[in-house]
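Each chain, letter by letter, is given below.
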Amino acid sequence: MSLRPESASDLLIDGKLTPGSGGVFDVVDPATEEVIGQAADATAADMDAAIAAARTAFDTTDWSRDHALRARCLRQLRDALLAHGDELRALTIAEVGCPSFLTHGPQFEGPVTDLGYFADLAESYEWTRDLGTAKPMGLKNHRELRSEAVGVVGAITPWNFPHQINFAKIGPALAAGCTVVLKPAPDTPWCAALVGKVVAEETDFPPGVLNIVTSTDHQLGAQLSTDPRVDLISFTGSTATGKKVMAAASESLKKVFLELGGKSAFIVLDDADIGSACAMAAFNVVTHAGQGCAITTRLVVPRERLDEAITATRDAMAGLPAGDPTDGGTICGPVISARQRQRIESYIELATSEGGTIEIGGGRPADKPAGFFVEPTLISGLDNSARVAQEEIFGPVLVIIPHDGDDDAIRIANDSPYGLSGMVYGTDEERINKVVNGVRTGTMGVNGGIWYSADVPFGGFKQSGIGREMGVAGFEEYLETKAVARPA
Ligand code: NAD
């Protein structure tokens, strides 16, 4: 089977590839602004059919109890997708604008391979736990705990790391025994639709277990969040939309699992190697044009070494290859859309109007007349109360902020509505540990440490979200607990 773009213009509903009732919509390559194909445009009626199929598959089949079938289907899907690796990598670069090197990691191969981790969990998880006997109200009872799938999961995802986020939801949800309706972002429909095609044509997933609904209509996400046939909403996206999802889900009291925004701090202690710290900070924010929720976008450095840090960061940013995402050496490709570029540019203007200095970048690259490119940008001269230090920009924009010692650095890191990730550079273990313990975030790296892995739970404190994705904790988000007791 070939996964040419024209073969991606179908929905997957009840095991069948079907056109969208709303026709098709254009898919645009963010590096060229060219229309590269179409995707199916679903309507509310299509979403209704997808939810009905997922409900029926959950209620009337053995899917949730057949751990071996689920593991087998997930491994089949992993192997089929990896066999199409070259085609899928090329289509992902074209649709997402992500640098090619990332498709060998989190933009394709990593999350596809991780389906195997969730398949293993389906088989190895302790589905029943013996609690032994106790004497509630004086009567001896034997108790056990059983874990059961939550039911129908509505998965709503954004465009920045589509494969990573789609598979971090459907992998554990399906492994746990749930059935799923996936609604990807309209900017990146192919990454999901091609998975639908592979599921339908190359795997044994029973009909209705996984449904994929691409659409330009954001309200289909709202429909999924409201529909009482859906038991859990697993959402990744902006904090503003996450709040709407939670409110919509409250009508039917469904569980919500939210992965939202971030404004993470990269803390450099005064005993750190400033050169390597700033090089890493520059690399983090420039990679994939800063379009990652866990990217560290505030660089918090010792005040007495501010000038040195600005120079080191600026030099590092200038040296990172930016441009054509199909080039294996590119680190910074385009951002996803004209709208997103406009948003980033308005934040850069705002920084200047608030008294900030643009140390490098700030505009569009002169050699890129087409494509949604933004120059890697470093902003200085502002403190942590500036809007560009408080709000998520989602572009290759780093704000450098001075601190007056370790406690002040922790205070600055925590002075944010978000709490998703962070980094600390230093040499003294005790001081590093104090920072790791003091910063209220779901993940922390030390001296360039990378926590991203299938077995590491990822998620946020505060307004960065509710719950954890990946790892055993991420798998358990899709489970309910049932306590069973009998007289002993
Ligand atoms: P978004 O919130 O605009 O959209 C995300 C998804 O929600 C899309 O599929 C969209 O169609 C859908 N949606 C829109 N309105 C909806 C509604 N009212 N009800 C239900 N669904 C609705 O986000 P985006 O612009 O696609 O992505 C960028 C944002 O995602 C950034 O803020 C980023 O930080 C965040 N993000 C977070 C994580 C994480 O794991 N924490 C990962 C990636 C991206």
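These numbers were taken from a predicted model, which means no experiment stands behind them.

About the cut-offs
Each chain has its residues counted from 1, running along the sequence as written. Only residues with pLDDT of at least 70 get local features here, since the model is predicted, and only at 80 or more are side-chain atom pairs given and counted; chain-wide, interface and lining totals rely on the full set of residues. Derived side-chain values reflect all non-hydrogen atoms in the structure, with water molecules and hydrogen atoms excluded from consideration. Counting from the N terminus, the helices are the DSSP runs of H or I reaching at least four residues and the strands are the DSSP runs of E reaching at least two. Only protein chains enter the accessibility calculation, which uses a 1.4 Å probe; a residue is then buried when its area is under 20% of its type maximum, exposed when over 50%, and partly exposed in between. Contacts were defined at the residue level, with two residues in contact if any of their heavy atoms lie within 4.5 Å. We score Asp and Glu as negative and Lys and Arg as positive, and we do not count His or the chain ends. A charge is said to be at NZ when it belongs to Lys, at CZ for Arg, at CG for Asp and at CD for Glu. By definition here, a helix of n residues has an expected span of 1.5 Å times n minus one. Near is defined per residue: the residue qualifies when any heavy atom it owns lies within 4 Å of the molecule or strand. Polar contacts, as counted here, are pairs of nitrogen or oxygen atoms within 3.5 Å of one another; within protein the pair requires one atom able to donate a hydrogen and one able to accept it, and residues that are adjacent in sequence qualify only if both atoms are side-chain atoms. Surface exposure here means Shrake-Rupley accessible area, sampled with a 1.4 Å probe, where a residue is shielded only by the protein chains that are shown. Axis lines are fitted to C-alpha atoms, over the contacting stretch for helices. Their N-to-C directions set the angle, which ranges from 0 to 180 degrees. What sets the label is the angle itself: under 35 degrees gives roughly parallel, over 145 gives roughly antiparallel, 65 to 115 gives roughly perpendicular, and the rest give oblique. In this scheme, a crossing is called left-handed if the near helix is turned counterclockwise away from the far one by less than a right angle; it is called right-handed if the turn is clockwise. In this count, Pro and Cys sit with the nonpolar residues alongside Ala, Val, Leu, Ile, Met, Phe, Trp and Tyr, while Asp, Glu, Lys and Arg are called charged and the others, Gly among them, polar. Buried residues of nine kinds, namely Ala, Val, Leu, Ile, Met, Phe, Trp, Tyr and Cys, make up a nonpolar core once their side-chain atoms join them within 4.5 Å. Any carboxyl oxygen of Asp or Glu within 4 Å of a side-chain nitrogen of Lys or Arg constitutes a salt bridge here. Strand pairing requires that DSSP identify at least two bridges connecting the strands. UniProt positions are given in the numbering used here, feature names are shortened, and annotations may be inferred rather than shown by experiment.

Draft legend 1. Layout of the overall build of the chain. Of the regular secondary structure elements, the chain holds 16 helices and 22 strands. Projecting the C-alpha coordinates of the chain onto the three principal axes gives extents of approximately 70 × 65 × 40 Å. By residue count, 58% of the 488 residues in the chain fall in the buried class. Counted over contacts in the chain with a minimum sequence separation of 6, partners at least 24 positions apart contribute 73%. The positive charge centre, built from 41 side chains, and the negative charge centre, built from 65, are 8 Å apart in the chain.

Draft legend 2. Quick look at the environment of Gly 445. Position of Gly 445 among the secondary structure elements: in strand β19 (residues 445-446). In this structure, Gly 445 is in contact with Gly 422, Met 423, Val 424 and Trp 451, ignoring residues within four places of it in sequence.

Draft legend 3. A look at helix α3 (residues 85-96). In this model α3 runs 16 Å from its N-terminal to its C-terminal C-alpha over 12 residues, within 8% of the 16 Å that 1.5 Å per residue would give. With 9 of its 12 residues buried, α3 lies for the most part within the structure. What α3 keeps buried is the set Gly 85, Leu 88, Arg 89, Leu 91, Thr 92, Ile 93, Ala 94, Glu 95 and Val 96. Close packing links the buried residues of α3 with β3 (24-28), β4 (35-40), α2 (67-83), α4 (109-113), α6 (162-176) and α7 (189-202). Two residues or fewer past α3, Gly 97 is found with a positive phi of approximately 75°.

Draft legend 4. Molecular detail of the site of the ligand. As a matter of local geometry, the ligand sits amid 29 residues, with Thr 157, His 218, Ser 238, Leu 260 and Glu 392 nearest to it. Taking Thr 157, its main chain carries an N or O atom lying 2.8 Å from an oxygen atom of the ligand. The protein chains hide 91% of the 850 Å² of surface that the ligand would expose on its own. Mapped by element, the contributors of at least two residues to the shell around the ligand are α8 (219-226), β10 (232-236) and α9 (239-250).

Draft legend 5. Highlighting the packing of helix α10 (residues 274-286) against helix α11 (residues 306-318). Across the interface, α10 lies against α11 with an axial gap of 8 Å and an inter-helix angle of 45°. One element, α10, and the other, α11, form an angle in the oblique class. For the crossing formed where α10 meets α11, the hand is right-handed. Between α10 and α11, the residues in contact are Ile 274, Cys 278, Ala 279, Ala 282, Val 285 and Val 286 and Glu 308, Ala 309, Ala 312, Thr 313, Ala 316 and Met 317, respectively. Here the residues of the contact of α10 with α11 are counted per class, giving 10 nonpolar, 1 polar and 1 charged.

Draft legend 6. Region of the structure containing the nonpolar core. Counting 75 residues, the largest nonpolar core has Leu 77, Leu 81, Leu 174 and Phe 205 as its most contacted members. For Phe 205, the contacting residues outside a window of four places in its chain are Trp 63, Cys 73, Leu 74, Leu 77, Leu 174 and Val 199. Leu 299, Val 301, Ala 316 and Ala 351 belong to the second-largest nonpolar core, a separate cluster that totals 56 residues.

Draft legend 7. Examining the pattern of salt bridges more closely. Per the stated rule, a full pass over the model turns up 26 salt bridges. A salt bridge links Arg 72 to Asp 204, with the nearest nitrogen and oxygen atoms 2.6 Å apart. Taken as a pair, Arg 72 in helix α2 and Asp 204 in the loop between α7 and β9 (210-212) lie far apart in primary sequence, 132 residues in all. Assessed through its relative accessible area of 38%, Asp 204 is described here as partly exposed. Residue Glu 359 is joined to Arg 314 by a salt bridge in which the shortest nitrogen-to-oxygen separation is 3.0 Å.

Draft legend 8. Quick peek at the sheet that holds β19. A sheet is described by the order of its strands in space; here 7 strands give the open sequence β14-β15-β16-β13-β12-β18-β19, paired in mixed fashion. The open sheet is flanked by β14 (357-360) and β19, the only strands paired with a single partner. In terms of strand pairing, strand β12 (residues 264-268) meets strand β18 (residues 422-425) through 4 bridges, oriented parallel. Across the sheet, the residue bridging to Ile 267 is Val 424, located in β18.

Draft legend 9. Structural view of the UniProt feature "active site" (unreviewed entry) in the chain. Following the UniProt record, one finds the feature "active site" (unreviewed entry) at Glu 259. Considering the arrangement of structural elements, one finds Glu 259 in strand β11 (residues 255-259). Ignoring anything within four residues of it in the chain, the contact list for Glu 259 reads Phe 235, Thr 236, Gly 237, Phe 458, Gly 459, Gly 460, Ser 464, Gly 467, Arg 468 and Glu 469.

Draft legend 10. Examining the pairing of strand β5 (residues 128-134) more closely. Pairing of β5 with strand β6 (residues 141-149), which is carried by 6 bridges, proceeds in the antiparallel orientation. In the strand pairing of β6, Gly 132 is matched with Arg 143. Count of turn residues in the β5/β6 antiparallel hairpin: 6 residues, of which Met 137 carries a positive phi of about 55°.

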